[in-house]
Amino acid sequence: MSAHEFTVDDLKRILREGAGADEGVDLDGDILDTDFESLGYESLAMLETGGRIEREFAVTLDDDTLTEARTPRALIDAVNGLLVPSGAA
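Residues numbered from 1 in each chain as written. Predicted model: local features only at pLDDT ≥ 70, side-chain atom pairs only at ≥ 80, totals over all residues. Heavy atoms only, no water.

Asker: Describe the overall build of the chain, with residues and values.
Answerer: Looking only at helices and strands, one finds four helices and zero strands in the chain. Going from N to C terminus, the chain has its helices and strands arranged as α-α-α-α. Considering the chain as a whole, with its 89 residues, one finds that 35% of them fall into the buried category. Of all intrachain contacts in the chain linking residues separated by at least 6 positions in sequence, the fraction that spans at least 24 positions is 61%. (Helix = DSSP H or I, 4+ residues; strand = E, 2+ residues; numbered from the N terminus. Buried < 20%, exposed > 50% of the residue type's maximum accessible area, 1.4 Å probe, protein only. Contact = heavy atoms within 4.5 Å.)

Asker: I'd like a description of the pattern of salt bridges, backed by residues and values.
Answerer: Taken as a whole, this structure holds seven salt bridges when the rule is applied. Ionic pairing is found between E56 and R13, a salt bridge with its closest N-O pair at 2.5 Å. Linking E56 in helix α2 (residues 43-57) with R13 in helix α1 (residues 8-19), this pair joins segments that are 43 residues apart in sequence. Classification of R13 as partly exposed rests on a relative accessible area of 29%. Residue R52 is joined to E17 by a salt bridge in which the shortest nitrogen-to-oxygen separation is 3.9 Å. In this pair, R52 sits in helix α2 while E17 sits in helix α1, placing the two residues 35 residues apart along the sequence. Salt bridges sharing common partners tie together D10, R13, E17, E48, R52 and E56. (Salt bridge = Lys/Arg side-chain N within 4 Å of Asp/Glu carboxyl O.)

Geometric values such as these leave the question of function open.
Here is the structure:
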């Protein structure tokens, strides 16, 4: 799709679309530094999330990236590190 910046709002939307949201978790709160497991997203949900990010943002996330990025902030940083800035080729 596009190489715009991957934001927390993008991540929240993808999490909800792919794996839903745990009833006890408020994704609209300050979740940037909350562990994905605490948010109710286990490894299978994160694989689905990673696949959706790859398709939408045209990046490739290896398994290590998904397992090492334990918080939304870490995953957002990892994805943004893979995006090609607009105008760059």
